[in-house]
Amino acid sequence: MSQRTDNLELLLSKLGQASREGVLVSEAGRYPWRTVEPEVIPLTNRRFAWVRMVVPLAAAAAVAVLFVGPALWNPQAAQDLADNVHAGGSFAKPERPVETPQNVVQDAGVNCDYNNDGVVDGKDIQAWIDSRRGAEGDWTQEVEQFKRCLLGQ
Amino acid sequence: MDEQPDKRVLEAVSRGDERAFEALYRQYHQQARLMAWRLSHRPDWVEEIVHDAWCRAFANRRSYQPDRAFLVWLAGIQRIVYLEMCRKSPTTLGDDFPPDAGHSETPESIVAEAETLADLNDCVSRLPEFDAKIIRLRFFDNLTLRDIAKEVAIPEATLREAKLPAALRKIEQCLRKKGRQISRVLPAQRGGEQQ
């Protein structure tokens, strides 16, 4: 073979040696100058983190309004509701009547009336959020408690 | 020849632009490994040399002068890393270790060979499947012509006289398109690697 081909063969042999010794890699891989990247919550996520908390609250409020609302405007409806609670597979009158929102405020031992209108209802949600805005820490317990207040439990 | 990066990319690197540096890393990662291998003759050191050199290059990217070839700059850093490693572990250097490794060769010569090998690797990967197979069996797996002929089920004479020379010609053409003249790439250094 020609000198040119000889040189090519020599180069191919070198390349083959590099391949056998694991020098050739197809992928660039991760950037060496970067250490393990910390998990950063994007600013937009942080800004709207309160939405994750508000959604279950709103759902709870909707349920509360559905069950408690009629009792506010129509005491008879509240009585009917209490009389027809489905308990243990049969329709029976519960041992305790459905609590009115005013009772909830007193019984829970926690003041959930954040807007101070004397009633715990969906209107307290915004006031509750306003009171927690900017606060740090785990709100899970408080959210649960407030949810229970709204549901009248 | 390997496609040179846009001058604007090099200027951006010298201004400290991380994205531009990442682009150069993706473009040159193979050459950088070949340079480290070529420089150290130690496959077990390649990873560390490459890693340290890229990290240092990134940390000092603002000192890079865009009118200088990036790989030559990187090769200079690799050589510093390599020499530091030699100083740290002189006992690991065997008898077959080139005594002047890292000193006699300029970054330019190391870069030239690494770029040639990277281009060659690219050309091999672009060959038709059959040609690539016989080239890999011959030069990467070090099989004899007889074994290759058996492997690809063709007569040995056909392989020797027709198929292998044809594959080599295709590689030559590919390298020529990249601006490489094979006969000038390396001085004649016939080793014992041929069959």
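Turning to the overall build of chain A, a few remarks are in order. Of the regular secondary structure elements, chain A holds 7 helices and 2 strands. Within chain A, buried positions represent 18% of all 153 residues. Considering only intrachain contacts with a sequence separation of at least 6, the fraction spanning at least 24 residues in chain A is 49%.

Time to look at the interface of chain B and chain A. Taken residue by residue, the interface counts 33 residues in chain B and 25 residues in chain A. Of all the secondary-structure elements, those providing two or more residues to the side of chain B that touches chain A are helix 2 (18-40), helix 3 (43-59), helix 5 (107-125), helix 6 (129-140), helix 8 (156-177) and helix 9 (182-185) of chain B. Among the elements that line the side of chain B that touches chain A, the one with the most residues is helix 2 of chain B, at 8 residues. Residue classes in the side of chain B that touches chain A are distributed as 19 nonpolar, 9 polar and 5 charged.

All names here are of chain B. Axis separation between helix 1 (residues 7-14) and helix 2 bottoms out at 7 Å; the angle between their running directions is 125 degrees. With respect to helix 2, the element helix 1 is oriented oblique. Here helix 1 and helix 2 pass one another in a crossing that is left-handed. Facing helix 1, whose interface residues are Val9, Ala12 and Val13, helix 2 presents Ala20, Phe21, Ala23 and Leu24. In the contact of helix 1 with helix 2, the residues fall into 7 nonpolar, no polar and no charged.

Within the largest apolar cluster, 57 residues are counted, with the highest numbers of intra-cluster contacts made by B:Met35, B:Ala53 and B:Leu74. The biggest single contributor to this core is helix 2 of chain B, with 11 residues. Three or more residues apiece are contributed to this core by two domains, here domain 1 (1-93) and domain 2 (126-187) of chain B. Once residues lying within four places of it in the same chain are set aside, the contact partners of B:Ala53 are B:Ala32, B:Leu74, B:Ile77, B:Gln78 and B:Val81. Of all hydrophobic cores here, the second largest spans 9 residues; its members include A:Ala61, A:Ala64, A:Val68 and A:Phe146.

Let us now look at the confidence of the model for chain B. For chain B, the average pLDDT comes to 84, and 84% of its residues sit at 70 or higher. This prediction of the complex comes with two scores: 0.58 for pTM and 0.81 for ipTM.

Another point: unusual backbone geometry. Negative phi values dominate among residues other than glycine, just as trans dominates among peptide bonds. You will see that A:Asn116, though not glycine, has its phi angle at about 55 degrees, which is positive. Looking at where A:Asn116 falls in the secondary structure, it is placed in the loop between helix 5 (101-107) and helix 6 (123-132). With 9 C-beta atoms counted inside 10 Å, the residue A:Asn116 sits in the exposed group. Residues other than glycine seldom take positive phi values, yet B:Ala153 does so here, at roughly 60 degrees. Looking at the secondary structure, you find B:Ala153 in the loop between helix 7 (145-152) and helix 8.

Calculation criteria
- All residue numbers here refer to positions counted from 1 along the written sequence of the relevant chain.
- Labels are handed out in written order, letters beginning with A for the chains and numbers beginning with 1 for the ligands.
- Predicted model: local features are reported for residues with pLDDT of at least 70 only, side-chain atom pairs are reported and counted for 80 or more only, and whole-chain, interface and lining totals are derived from all residues.
- Put simply, DSSP marks the helices as runs of H or I at least four residues long and the strands as runs of E at least two long, and each gets a number from the N terminus on.
- Residue burial is a threshold on neighbouring C-beta atoms within 10 Å of the residue's own C-beta, all placed from the backbone, with 20 or more meaning buried, 12 or fewer meaning exposed, and counts in between meaning partly exposed.
- For the purpose of contact definition, each residue receives a C-beta atom placed from its backbone, and two residues are in contact when these atoms lie within 7 Å.
- Residue polarity follows a fixed list, in which Ala, Val, Leu, Ile, Met, Phe, Trp, Tyr, Cys and Pro are nonpolar, Asp, Glu, Lys and Arg are charged, and the others, Gly among them, are polar.
- Note on method: axes are straight lines fitted to C-alpha atoms, helices fitted across the in-contact stretch only, with angles between N-to-C directions ranging 0 to 180 degrees.
- Orientation categories follow fixed angle ranges, with anything under 35 degrees roughly parallel, anything over 145 roughly antiparallel, 65 to 115 roughly perpendicular, and all other angles oblique.
- The crossing is said to be left-handed when, going from far helix to near helix, the turn is anticlockwise and less than a right angle, and right-handed when the turn is clockwise.
- A set of buried residues qualifies as a nonpolar core if it consists of Ala, Val, Leu, Ile, Met, Phe, Trp, Tyr and Cys joined through C-beta atoms within 7 Å.
- Here the bounds of each domain stem from an automatic or database domain assignment.
- Confidence of the prediction at every residue is given by pLDDT, a number between 0 and 100.

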